[in-house]
Amino acid sequence: MSKPCIICVAITGSLPKKENNPAVPITISEQVESTQAAFEAGASIVHAHVRNDDETPSSDPEKFARLKEGLEKHCPGMIIQFSTGGRSGAGRERGGMIALKPDMASLSVGSNNFPTRVYENPPDLVDWLASEMRAHHVKPEIEAFDLSHIHQAAAMNRDGRIPGKLYVQFVMGVKNAMPVDRDVFDYYIKTVERLTPDAEWCAAGIGQHQLTLNEWCISAGGHTRTGLEDNIRLDRDTLAPSNAALVKRAADLCETYERPVATWQQAREILGLPLKAA
């Protein structure tokens, strides 16, 4: 199997704090430094959230702008993907950073349960986020927490609300949502290939399931996601020392399965993104 594997690093997220793992990057400078090390370790996409000084999640476009500037300077060519997730804002506030024109932005196309609440993605908000991404030429990454989300993304692709080649990420292991189940994972792949044959897919495993999903994705010919947003440990007894360490673990799996790690140039070509000069 020679298809390059894109490694996405989710550097911060909305939940983990310094008290959980001191390596979690919170400030803009910490995020840039952590991403640069992960980029050098093989990550070609950075999935980014921003935080307030007290470590609470934020959707402040000014913070995203400063992060984008730092990433473009220190990680030239890396694909910058901003989160429009619901923990950091409400309603259209979630998409306030799309006008900054990152390469990509996450897009959840349906609702589902989270550990303590409902992750609400009503159709009118989904359509508005998708329209903002179209207007600013930002490629969505579909975050599929459920089988219905794959079907919805395919429908939105067919009617032009999400144009071009889809990139679908299966999110597995969130409490009260889709568990880590190999039969479900395989059916997700089959469904993507049936509904949108030219789509690319990846998956994220939460917590202890991160390594499992990394291996499933890499061995099955897909792309994969790692990083401290989803998992703060190397194993049950060892905190991950950095995002780069988690990226290296995924890159080592690529070597095991004879998959080359995608360069940023290859990742952009695979996803149909403009090839920016480094």
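Higher on the page you've got the structure.
## A short note on the pattern of salt bridges
Now for step 1: Per the stated rule, a full pass over the model turns up 13 salt bridges.
Now for step 2: Here Lys68 and Glu72 are joined by a salt bridge, their closest N and O atoms 2.9 Å apart. One end of the pair, Lys68, and the other, Glu72, are both in helix H2 (residues 61–74), 4 residues apart, so they sit about a helical turn from each other.
Now for step 3: The buried category is assigned to Lys68, whose relative accessible area is 15%.
Now for step 4: Residue class for Glu72 comes out partly exposed when judged on its relative accessible area of 37%.
Now for step 5: With a shortest N-O distance of 2.8 Å, Arg225 and Asp230 are connected by a salt bridge. Summarising the burial analysis for this pair, Arg225 and Asp230 share the class buried.
Now for step 6: Taken together, the shared-partner salt bridges in this structure form one network comprising Glu143, Arg225, Glu229 and Asp230.

## Quick look at the environment of Glu255
Now for step 1: The topology assignment puts Glu255 in helix H7 (residues 243–256).
Now for step 2: For the pair Glu255 and Val184, spaced 71 residues apart in sequence, the C-alpha to C-alpha distance is 26 Å.

## As for the packing of aromatic side chains
Now for step 1: Applying the stated criterion to the full structure yields 9 aromatic pairs.
Now for step 2: For the pair Tyr119 and Phe145, a centre-to-centre distance of 5.7 Å together with 85 degrees between the ring planes defines the contact as edge-to-face. Of this pair, Tyr119 sits in strand S8 (residues 118–119) while Phe145 sits in the loop between strand S9 (139–144) and helix H4 (147–158), placing them 26 residues apart in sequence. Comparing Tyr119 with Phe145 shows no difference in burial state: the two are buried.
Now for step 3: When the centroid spacing of 5.3 Å and the interplanar angle of 50 degrees are considered together, the rings of Phe185 and Trp216 count as tilted. Taken together, the positions of Phe185 in helix H5 (residues 182–195) and Trp216 in helix H6 (residues 210–220) put the pair 31 residues apart, joining distant regions of the chain. In terms of burial, Phe185 and Trp216 fall into one category: buried.

## Structural notes on unusual backbone geometry
Now for step 1: The backbone of Lys101 sits at a positive phi, close to 60 degrees, despite the residue not being glycine.
Now for step 2: Among the structural elements, Lys101 can be located in the loop between strand S5 (79–82) and strand S6 (104–107).
Now for step 3: A positive phi angle, near 75 degrees, is found at Asn176, a position not held by glycine.
Now for step 4: Mapping Asn176 onto the fold places it in the loop between strand S10 (167–172) and H5.

## Observations regarding H7
Now for step 1: Taking 1.5 Å of rise per residue, 14 residues should cover 20 Å, and H7 covers 20 Å from first to last C-alpha, within 8% of that figure.
Now for step 2: Residues Asn243, Ala244, Leu246, Val247, Arg249, Ala250, Ala251, Leu253 and Cys254 constitute the buried set of H7.
Now for step 3: Where H7 ends, the next residue or the one after it, Glu258, has phi of about 55 degrees, a positive value.

Rules used throughout
- Residues numbered from 1 in each chain as written.
- Predicted model: local features only at pLDDT ≥ 70, side-chain atom pairs only at ≥ 80, totals over all residues.
- Heavy atoms only, no water.
- Salt bridge = Lys/Arg side-chain N within 4 Å of Asp/Glu carboxyl O.
- Helix = DSSP H or I, 4+ residues; strand = E, 2+ residues; numbered from the N terminus.
- Buried < 20%, exposed > 50% of the residue type's maximum accessible area, 1.4 Å probe, protein only.
- Phe/Tyr/Trp six-rings, centres within 6.5 Å; stacked < 30°, edge-to-face > 60°.
- Expected span 1.5 Å × (residues − 1).

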